[in-house]
Amino acid sequence: MTDKSDPFMPEVRGNLKYSCIGCKERYDIFDFIYTCPSCRSLLRIENTAFDELKKIPAGTWRDIFDGRRNSNVLEIQGVFRFHELILPIIPLSDIIYLGEGNTPIVRANPELSAWLGTPFFVKNDGFNPSASFKDRGMASAISFLNHAIRVKDLKGVLGICASTGDTSAAAALYLSYLPRDRVKAVVLLPQGKVTPQQLSQPLGSGATVIEMPGVFDDCMRVVEQLAQDYHVFLLNSKNPVRILGQKSYAYEIAQQLGWDTEGLTVVVPIGNAGNITAVMDGFVDLFELGIIAELPVILGVQSEHADPVSRWRATGTFSPMKVTPSVAQAAMIGDPVSFPKVRQLVQNHFSDRFFVISVSETEIMEGMLTANRHGHVVCTQGGESAAGLKKALKNGLIPRGRNYVVDSTSHHLKFSSFQERYFDDSFAPEYGITTREELKNRPVKLSGDPQEIADFLGLRRKG
Ligand SMILES: *Cc1c(COP(=O)(O)O)cnc(C)c1O
Ligand SMILES: [Zn+2]
C-alpha cells in the first residue's frame, strides 16, 4: 500500500485490457475503441492481474471495504470504495467524485410489503448527483478520461452519448467538471421522448443538446456510427468503462447486507441492458474473490412495450423489436446493445438464477404510485421493478428467497410528468393505461379562510 499508515487506502495496481467477448482478442485500454476491430463484437474490460487479488483473503477484503466506509478521503466515498474492482490503474488524484454511489437501502413498510407479497428493500439510485444510477458509470468513465487526458495530454476531446434522458444528464454533469479547453459534451436525444426535467439537466450543465426524430435506438445508431468514424469519446454503456463503475451497485448491496447474499434476489429494470450486465458482473467479482458465498437470483423486468430480453428468456430466441410508448421511458429500448453480454453472463454464471418478466404499463404506474404512497420516491422504472417482483412471486417464476432488493434506478421527480398524466387521465391511448381513482391525488383549491379549511377537513373544535 502507498500509505503504510492507512491499510485501507487504494494503490495503483493491476493491468486493464479491452477483451473481446467474441474472439477474445485483447486491446490496449487507451485505444478508445468500443467494438472489436477484428470481429465487431462487444468489449469488456479485463484485469489480467485479477488472480493477484485472489491471494488476498476474503475477510481482508471485507475489512478493507468496511474500513473505507468510515474514511474521510473524498475520492473513496463513492464507487471508488471498490477501486481494485473498478479502475485500479488510476491514482486517487485522478478520480472525479461528485457524490455518486453509496445510496440507501430502504425497508418497504408493512402495507407495501403486503401489497407486493413479501418484505423487501428498495435500493434507491435516485439519490445520485444527477438523480440516476448512470452517475456510477459516469464516475468511472469520466475519471478514466481525466486520467487519460493527463497521461496522454489529450486536447479537444468530444464526449458524446445517445440517451433516454438519464445518460445525457449524467454525461453532461461529469463532463462539465473537466476543463472546458480539454473536453466538450454533446448529447443526442429522441425528440419528445425524455421528460422536461431530464431535458433541463444537460442544458443546465452547458452541453450541446441535439434532438432528433425517432426513439433511443435511432439515436444510438447515429452515435455508434460517429464513434466508429470519428474521434469521439463514447459515453454510452457500450463503452465498457461505464460498466466498471456500475458494478458498484452490486458491491454496495452485498456490503449493506453484511456480505450475506444467501437467498438474495435483486430486481433490475432492463433497457439497453448495461445496468443488469454490470450488476451481474459485480456479483461475479465478489463471488470469485470469495467475498460472498453465493450468487444472487437476478430478476430483470421489462415493459410489454419494450421487452426483447423477456421474450428471449421465454422463447430462447432474441430478436430486436419496435418499441411502443412506455412510462418506463428510460428503459424503452427495442435493441439492447449489451444483450450479448447478458447472454454470456447467464450462460457462464447465472443459468439457474436469471429470470425476466414483462409487466403492463398499468402495472408499472401502479407499482410506482403504490410505492410512493408508502414512503418511497421511486421512478417509473422503480415502479416497474416492484411490479415485476410482485408478478414473478405471484406466478411462481422465481424461487422464494430470504432478501429481495428492488432497484429504483432514478428519482421520482424526473418522472413526475407520468404521475401527472395518471392523475389527469391524460395518457395517450398507445400507453394502454387504465387508471384507478384511489391512486389519484389532486390539489384542493380553497380560499385561505381557516373556517372553510376546517369545515372541508371536518375538524372538531377544541373544548
Ligand atoms: C438507463 C436507465 C435504465 C435502463 O438501464 P440500462 O442499462 O439501459 O438497461 C433504467 N432506468 C433508468 C432510470 C435509467 O436511466
Ligand atoms: Zn473480436
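Residues numbered from 1 in each chain as written. Chains lettered and ligands numbered in written order. Predicted model: local features only at pLDDT ≥ 70, side-chain atom pairs only at ≥ 80, totals over all residues. Heavy atoms only, no water.

### A closer look at the sheet that holds strand β8 (residues 208-212)
Thinking step 1. Read across the sheet, four strands follow the order β8-β7-β6-β9 without closing on themselves; strand pairing throughout is parallel. Each edge of the open sheet is held by one strand with a lone partner, namely β8 and β9 (233-234).
Thinking step 2. Of the strand pairs in this sheet, strand β6 (residues 157-162) and β9 are connected by two bridges, and their pairing is parallel. Opposite I160, over in β9, you have L234 as the bridge partner.
Thinking step 3. Along the sheet face, helix α8 (residues 216-229) touches β6, β7 (183-190), β8 and β9 and points at about 155 degrees away from the line of β6. (Pairing = 2+ DSSP bridges. Helix = DSSP H or I, 4+ residues; strand = E, 2+ residues; numbered from the N terminus. Contact = heavy atoms within 4.5 Å. Axes fitted to C-alpha atoms, helices over the stretch in contact; angles between N-to-C directions.)

### Considering the coordination of the zinc ion (ligand 2)
Thinking step 1. Ligation of the zinc ion (ligand 2) by protein atoms is provided by C20 (SG), C23 (SG), C36 (SG) and C39 (SG), these donors lying 2.3 Å from the ion.
Thinking step 2. Coordination at the zinc ion (ligand 2) comes from four donor atoms whose angles at the metal span 96 to 119 degrees, giving a geometry best classed as tetrahedral. (Donors = N, O, S within 2.8 Å, 3.2 Å for Na, K, Ca; no water. Tetrahedral: all angles 85-135°; square planar, octahedral: opposite > 155°, others 65-115°.)

### Some thoughts on the pattern of salt bridges
Thinking step 1. Scanning the entire structure with this criterion turns up 24 salt bridges.
Thinking step 2. Here K414 and D166 are joined by a salt bridge, their closest N and O atoms 2.6 Å apart. Separated by 248 residues along the polypeptide, K414 in the loop between β13 (403-408) and α16 (416-424) and D166 in helix α6 (residues 166-175) bring together distant segments of the chain. Considered together, K414 and D166 belong to a single accessibility category, that of buried residues. (Salt bridge = Lys/Arg side-chain N within 4 Å of Asp/Glu carboxyl O. Buried < 20%, exposed > 50% of the residue type's maximum accessible area, 1.4 Å probe, protein only.)

### Focus: helix α15 (residues 380-395)
Thinking step 1. The terminal C-alpha atoms of α15, which comprises 16 residues, lie 22 Å apart, in line with the 22 Å expected from a rise of 1.5 Å per residue.
Thinking step 2. Counting buried positions along α15 yields twelve of 16 residues, so the element is predominantly enclosed.
Thinking step 3. Of all the positions in α15, only T380, Q381, G382, G383, E384, S385, A386, A387, G388, L389, A392 and L393 are classed as buried. (Expected span 1.5 Å × (residues − 1).)

### Looking at the site of ligand 1
Thinking step 1. Near ligand 1 lie 13 residues; those nearest to it are K134, D166, N272, N275 and T409.
Thinking step 2. A distance of 2.8 Å separates an oxygen atom of ligand 1 from a polar atom in the backbone of N275.
Thinking step 3. T409 has a polar side-chain atom sitting 2.7 Å from a nitrogen atom of ligand 1.
Thinking step 4. In isolation ligand 1 exposes 380 Å². Once the protein is present, 98% of that is buried. (Near = heavy atom within 4 Å. Polar contact = N/O pair within 3.5 Å; in protein donor to acceptor, adjacent residues only side chain to side chain. Areas by Shrake-Rupley, 256 points an atom, 1.4 Å probe, with all protein chains shown as cover.)

### Looking at the pairing of β13
Thinking step 1. The element β13 is largely enclosed, with a buried count of six among its six residues.
Thinking step 2. On β13, burial covers both faces: N403, V405 and D407 on one face and Y404, V406 and S408 on the other are all buried.
Thinking step 3. Where strand β5 (residues 121-124) and β13 come together, four bridges link them in parallel fashion. Across the sheet, N124 pairs through a bridge with S408, a residue of β13.
Thinking step 4. Sheet topology note: the strand β10 (residues 264-269)/β13 ladder contains four bridges and is parallel.

### Focus: empty space enclosed by the protein
Thinking step 1. This model, assessed by the stated rule, comprises three cavities of 30 Å³ or more.
Thinking step 2. Here the largest cavity is characterised by a volume of approximately 270 Å³.
Thinking step 3. Surrounding the largest cavity, 26 residues form its lining, F133, K134, G271, N272 and A330 being those nearest its centre.
Thinking step 4. When residues of the lining of the largest cavity are traced back to their parent elements, those giving at least two are α6, α9 (240-246) and α11 (274-288).
Thinking step 5. It is α11 that contributes the most residues to the lining of the largest cavity, three residues altogether.
Thinking step 6. When we break the lining of the largest cavity down by domain, the ones giving at least three residues each are domain 2 (105-127 + 247-424) and domain 3 (133-242).
Thinking step 7. Roughly 40 Å³ of internal volume is contained in the second largest cavity.
Thinking step 8. As for the second largest cavity, its lining consists of T164, P190, K193, V215, F216, Q329 and M332.
Thinking step 9. Looking at the lining of the second largest cavity residue by residue, the classes come out as four nonpolar, two polar and one charged. (1 Å grid on protein atoms, 1.4 Å probe; cavity = no way out; pocket = protein on both sides within 12 Å on 5 of 7 lines; lining within 4 Å. Points joined across faces, edges and corners; volume = space filled by probe spheres on them. Domains from an automatic or database assignment. Nonpolar A, V, L, I, M, F, W, Y, C, P; charged D, E, K, R; others polar.)

### Remarks on the domain arrangement of the protein chain
Thinking step 1. With domains assigned, the protein chain is organised as domain 1 (1-95), domain 2 (105-127 + 247-424) and domain 3 (133-242).
Thinking step 2. In this structure, domain 1 and domain 2 have C-alpha centres spaced 26 Å apart.
Thinking step 3. On the domain 2 side, the residues contacting the 19 residues of domain 1 number 19 residues.
Thinking step 4. Summed over both sides, the interface of domain 1 with domain 2 buries roughly 1,700 Å², with 64% coming from carbon and sulfur.
Thinking step 5. The salt bridge partner of R44 is D281, with a shortest N-O separation of 3.5 Å.
Thinking step 6. Between the two partners, domain 1 and domain 2, sit eight residue pairs in polar contact (both at pLDDT 80 or more).
Thinking step 7. Taken together, the elements giving at least two residues each to the side of domain 1 that touches domain 2 come down to β3 (43-47), α1 (50-54), α2 (58-69) and α3 (83-86).
Thinking step 8. Counting residues per element, the side of domain 1 that touches domain 2 draws most heavily on α2, at six residues.
Thinking step 9. When its residues are assigned to classes, the side of domain 1 that touches domain 2 shows twelve nonpolar, no polar and seven charged. (Buried area = accessible area lost by both parts, 1.4 Å probe.)

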